[in-house]
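Residue-level structure breakdown
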Amino acid sequence: MIVINIRKHPEYLEQAIAYIQSQWANRRTRKVYEDCITKNVDTKSPLPAWYLLDGDKLIGCAGLLTNDFISRMDLGPWLCALFIEKKYRGQNLGNLLIAQIKEDVATMGLEKLYLSTTHEGYYEKYDFPYIGDGYHP
């Protein structure tokens, strides 16, 4: 398995847009994902950043954003859109994406990585303690 940073491998841009949209977007949010992922390649800013997990085919994705559409604008950056194909779950593959994103965050000189989730028990295994509630529009 390899983690692909779209910024470093822009040849995956169209594939990344299609894959991430297929997992997370709906009719109203397709353009939001397309624009954000495209800006990943077009900007000199380190954020946003988008990642794919590739085995013999794409099996996962994740993003790194300044804010994950949550009321806690005082915190960041944010892990978002983590997804592993159902067939590949339970193999610690999500941690491959999380570990790469944490490494990239540290390289940026940032000390913390946040996430907003309703999943209890999963992210705590990867050093994401509950710190409080935030509100999503």
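Overview of the structure. (Residues numbered from 1 in each chain as written. Predicted model: local features only at pLDDT ≥ 70, side-chain atom pairs only at ≥ 80, totals over all residues. Heavy atoms only, no water.)

1. Some details on the side chain of glutamine 21
For clarity, the cut-off: Strands are runs of DSSP state E lasting at least two residues, helices are runs of H or I lasting at least four, and both sets are numbered from the N terminus onward. Exposure is judged per residue with a 1.4 Å probe applied to protein chains only, and the accessible area is read against the type maximum: over 50% gives exposed, under 20% gives buried, and values in between give partly exposed. Throughout, a residue-residue contact means that at least one pair of heavy atoms, one from each residue, lies within 4.5 Å.
Mapping glutamine 21 onto the fold places it in helix 1 (residues 13-24). The exposure class assigned to glutamine 21 is buried, which follows from its relative accessible area of 5%. Aside from chain neighbours lying at most four places away, what touches glutamine 21 is Arg30, Tyr33 and Glu34.

2. So, the environment of leucine 13
Along the chain, the position of leucine 13 falls in helix 1. A relative accessible area of 16% places leucine 13 in the buried class. Considered as a pair, leucine 13 and glutamate 124 are 111 residues apart in the sequence and their alpha carbons are 31 Å apart. Among residues more than four places away in sequence, those in contact with leucine 13 are Ile6, Ile37, Thr38 and Val41.

3. Brief notes about the sheet that holds strand 5 (residues 114-115)
In plain terms, the rule: By this definition, two strands are paired if DSSP reports at least two bridges between them. Angles here are taken between N-to-C directions and fall from 0 to 180 degrees, while the axes themselves are lines fitted to C-alpha atoms, restricted in helices to the stretch in contact.
Reading across from one edge, 1-2-3-4-5 is the order of the five strands in this open sheet, with mixed pairing throughout. Here the strands that pair on one side only, and so sit at the sheet edges, are strand 1 (2-5) and strand 5. The pairing of strand 3 (residues 58-65) with strand 4 (residues 78-84) spans five bridges and is antiparallel. Residue pairing across strands places glycine 63 opposite cysteine 80, the latter belonging to strand 4. Running at roughly 90 degrees to strand 3, helix 1 makes contact with strand 2 (49-54), strand 3 and strand 4 of the sheet. Each of strand 2 and strand 3 touches helix 2 (residues 30-42); the most contacted strand, strand 2, lies at about 95 degrees to it.

4. Re helix 3 (residues 93-107)
Given 3.6 residues per helical turn, the α-helix brings residues three or four places apart onto the same face. Quick reminder of the rule: The span expected for a helix works out to 1.5 Å for each residue beyond the first.
For helix 3, spanning 15 residues, the distance from its first C-alpha to its last is 22 Å, which sits close to the expected 21 Å at 1.5 Å a residue. Of the surrounding secondary structure, the elements contacted by the buried residues of helix 3 are strand 1, strand 2, strand 3 and strand 4.

5. A look at the packing of helix 1 against helix 2
Counted only if it meets this: Should the near helix be turned counterclockwise from the far one by less than a right angle, the crossing is left-handed, whereas a clockwise turn marks it as right-handed. For this classification, the nonpolar set comprises Ala, Val, Leu, Ile, Met, Phe, Trp, Tyr, Cys and Pro, the charged set comprises Asp, Glu, Lys and Arg, and every other residue, Gly included, is treated as polar.
Remark: helix 1 packs on helix 2, axes separated minimally by 9 Å, with the N-to-C direction vectors making an angle of 145 degrees. As for how helix 1 packs across helix 2, the hand of that crossing is right-handed. In this structure, helix 1 contributes Leu13, Ala16, Ile17, Ile20, Gln21 and Trp24 to the contact, and helix 2 contributes Arg30, Tyr33, Glu34, Ile37, Thr38 and Val41. Among the residues making up the contact of helix 1 with helix 2, the classes are represented as eight nonpolar, two polar and two charged.

6. Topic: unusual backbone geometry
With an omega of 5 degrees, the peptide bond running from leucine 47 to proline 48 counts as cis. Structurally, proline 48 is set in the loop between helix 2 and strand 2. That bond from glycine 76 to proline 77 is cis: its omega, 0 degrees, falls within 30 degrees of zero. Within the element layout of this structure, proline 77 appears in the loop between strand 3 and strand 4. Although it is not a glycine, asparagine 92 adopts a positive phi angle of roughly 65 degrees. Residue position: asparagine 92 is located in the loop between strand 4 and helix 3. Asparagine 92 gets classed as partly exposed once you look at its relative accessible area, which sits at 43%.

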